[in-house]
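Here's the letter readout for the chains.
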Amino acid sequence: MSRAQTSGLSVAEDGMRIEWDVPIEMDDGVVLRADVFRPIHDAPVPVLLTYGPYAKGMHFPAHHPEQWERLTQKRPEVLVGSTNKYQAWETPDPERWVPYGYACVRVDSRGAGRSPGFLAPQSAREFLDAAHCVEWAGRQTWSTGKVGMLGISYYAGISWRVAGLTTPPPHLAAVCAWEGNADLYRDAFRHGGILSTWSKNWWTSRILPVQHGVGERGPRNPNNDELVAGPETLTVDELVANRVAWAPENLPDLLTSGDWWQAGDTQWNNVEVPILSAGNWGGAALHLRGNTEAFMRAATKDKWLEIHGHEHWIEFYSGYGLDLQRRFFDCFLKGDDSTWRQQPRVMLNIRHPGEKYTLRGESSWPIPDTQWTRLYLEPASKRLVETPSQIREECSFSSAGKGIRFMSDPSSEEQEITGPIAVRLHISSTTTDADLFVVVHVFDETGQEVTFQGAMDPYSSVGKGWLRASHRKLDRALNLEYRPYHTHDEHQPLTPGRIYEVDVEVWPTSITVPAGGRIGLTLSGRDYLRSPSGSDASYESFGRRQTLFGSGVMLHDDSRDRPSEIFDGTTTVHAGPRRPSYVLLPVIPARETAGNAPPAGDDCTGVQL
């Protein structure tokens with residue numbers, strides 16, 4: 001069928017009314033395209049909306065086969081109760097929502113999929129477009145006027161920015177952001193001020209293949225045989241002219257004062273709608289920080305935080321995730337508060353060695369009775385100790401090498417560490433700057449490192465943090481002892497040989513350290529890579545098969561951002577009575593009921609605390 005034949009075409013299939021390629025006109029005249037899935041009857045229902053660049057017609061099982069296989073192996077319930085014909089990457093399955101009295105609207109963002117226009121991901125124009133789409137959905141005759149935004153990753157991040165607009169769309173009634181970044185600078189592209197290069201693969205493998213105008217060179221939607229990135233087929237030159245030169249590697253201003261960075265920093269004081277923020281312990285470098293910041297800083301009083309494990313798409317589609325999402329939206333889109341209002345404000349899947357999780361409710365984040373515990377760096381012995389050194393000590397590492405590791409003594413009993421981590425260091429450098437890569441480890445009683453399946457890496461360590469020393473300036477209004485917050489608004493070069501105090505934010509974590517286990521802290525000048533001892537670390541990520549040993553594709557290896565004459569020097573760590581260097585750990589007192597909570601592991605299909 002041609003665009004004229006399918007535009008707004010309404011069919012009744014699989015118990016739903018499906019309207020393909022519905023036009024939504026923006027304020028500047030550009031017409032975006034959406035697929036609408038709703039009940040066959042015309043009675044008004046609430047709406048769940050996604051807006052993003054991954055092409056609404058791309059079939060999840062066909063175009064992400066390895067991820068689909070992992071999902072069905074770990075959460076086989078997704079194969080029951082849905083044909084899965086309409087599954088699309090990182091968006092809700094309409095067959096699981098429409099029968100429960102919802103409409104699902106999927107919009108291809110400007111310049112992507114079936115929507116024409118200039119492709120500019122993560123831009124202010126996108127956020128405004130998404131807000132217009134929310135208002136369009138809220139005004140339809142089949143809509144109650146209550147619109148929620150629900151999706152993973154990119155779709156989650158868009159929802160934060162829409163909710164945080166100076167004038168949020170009035171029809172936006174609730175947001176469930178599942179593992180989404182909320183600050184393009186700190187969460188995604190310049191960790192601690194250091195450029196992350198993952199987006200190069202993402203841009204070429206996820207975005208460009210479905211840019212609007214790829215047309216005949218791209219795939220077809222198996223449900224209507226339409227080109228997912230058409231209908232027209234543009235020349236290569238036309239495609240280039242219709243898109244931005246991808247921003248993070250090309251922005252001349254690498255401070256947060258740049259317009260693009262500022263537009264991508266969610267304005268939490270404007271977020272007044274109810275939110276369910278779902279994060280992933282293994283999502284360091286993209287999929288976690290935004291979720292905890294949302295709970296801590298959003299203006300709304302109706303906010304909940306959930307954190308889980310596994311790959312970043314697994315729990316979203318699971319029975320466990322679907323149960324949380326439905327009850328949340330039933331409350332705020334349907335007015336059914338029979339179960340959700342009793343939900344704990346914080347729902348944490350506490351990690352244990354061996355990929356085991358225990359679900360537990362808490363009242364706030366960080367956990368209110370956290371015992372903030374300092375372990376001090378002892379440079380001479382490379383130990384982490386409970387009292388600061390009373391003599392001046394130092395140790396050095398080459399920024400081009402593996403770095404240095406400090407180890408605690410074995411724990412006398414099992415101990416839980418759950419929350420944000422901060423590291424304070426006193427350093428000097430032989431050059432005018434230094435990049436600091438911080439990794440927090442746990443080793444069991446046999447000396448083996450405890451690792452986990454992370455959001456995008458099968459060998460994730462317990463925690464990671466980054467800081468460019470010239471970006472050490474702290475934001476006085478937002479800085480917290482347990483969560484350093486850097487302004488990134490000016491460069492403060494180092495004087496070689498001079499000692500500086502720096503604070504490094506380590507993204508939140510959760511781990512139950514076994515009796516006899518040890519805490520490790522690695523400091524280096526490059527990305528952390530570990531050897532998996534013969535395990536197969538080959539893993540499909542962002543369209544390419546990668547060898548992943550601890551940092552996934554979230555690397556920081558652009559030589560333009562890290563010229564060797566500045567960042568291949570020697571960094572020295574100092575300690576002593578006037579310069580205590582330490583790691584601040586969130587130790588949680590023993591919970592009598594922790595063992596009674598239902599597990600959120602591979603056998604969990606639906607949990608209500």
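All of the points below concern the structure found in this document. (Residues numbered from 1 in each chain as written. Predicted model: local features only at pLDDT ≥ 70, side-chain atom pairs only at ≥ 80, totals over all residues. Heavy atoms only, no water.)

Regarding the pattern of salt bridges
Applying the stated criterion across every chain yields a total of 42 salt bridges. Lys85 is paired through a salt bridge with Asp14; the nearest N and O atoms lie 2.9 Å apart. Here Lys85, found in the loop between helix 3 (65-74) and strand 5 (103-108), pairs with Asp14, found in the loop between strand 1 (9-13) and strand 2 (16-25); they are 71 residues apart in sequence, far enough to count as distant. One salt bridge connects Asp409 with Arg383, and the closest N-O pair in it is separated by 3.0 Å. Here Arg383 lies in strand 15 (residues 383-385) and Asp409 lies in the loop between strand 17 (404-408) and strand 18 (415-429), a separation of 26 residues in the sequence. Residue Asp409 is classed as partly exposed on the basis of its relative accessible area of 42%. Look at Arg383 and you get partly exposed, because its relative accessible area is 30%. (Salt bridge = Lys/Arg side-chain N within 4 Å of Asp/Glu carboxyl O. Helix = DSSP H or I, 4+ residues; strand = E, 2+ residues; numbered from the N terminus. Buried < 20%, exposed > 50% of the residue type's maximum accessible area, 1.4 Å probe, protein only.)

Notes on the nonpolar core
Leu49, Phe329 and Leu523 are the most contacted members of the largest nonpolar core, which has 153 residues in total. Among the elements that line this core, the one with the most residues is helix 12 (residues 319-334), at 8 residues. Here Leu523 is in contact with Leu377, Phe397, Lys402, Gly403, Ile404, Phe406, Leu425, Phe437, Val438 and Val573, once residues within four sequence places are set aside. Within the second largest apolar cluster, 8 residues are counted, among which are Ala55, Val210, Val228 and Leu234. (Core = buried A, V, L, I, M, F, W, Y, C linked by side-chain atoms within 4.5 Å. Contact = heavy atoms within 4.5 Å.)

Some points on the packing of helix 4 (residues 124-139) against helix 5 (residues 154-163)
One can describe the packing of helix 4 onto helix 5 by two numbers: an axis separation of 9 Å at closest approach and a directional angle of 80°. Taken together, the axis directions place helix 4 and helix 5 in an arrangement best described as roughly perpendicular. Here helix 4 contributes Glu126, Phe127, Ala130 and Ala131 to the contact with helix 5, which in turn contributes Tyr154, Ile158, Arg161 and Val162. Its residues assigned to classes, the contact of helix 4 with helix 5 comprises 6 nonpolar, no polar and 2 charged. (Axes fitted to C-alpha atoms, helices over the stretch in contact; angles between N-to-C directions. Parallel < 35°, antiparallel > 145°, perpendicular 65-115°, else oblique. Nonpolar A, V, L, I, M, F, W, Y, C, P; charged D, E, K, R; others polar.)

Quick word on helix 4
Think of an α-helix as 3.6 residues a turn; residues three or four steps apart then line up on the same face. For helix 4, which comprises 16 residues, the first-to-last C-alpha distance of 23 Å matches the rise-based estimate of 22 Å (1.5 Å per residue) to within 8%. Considered for burial, the residues of helix 4 that qualify are Glu126, Phe127, Asp129, Ala130, Ala131, Cys133, Val134, Glu135, Trp136, Ala137 and Gly138. (Expected span 1.5 Å × (residues − 1).)

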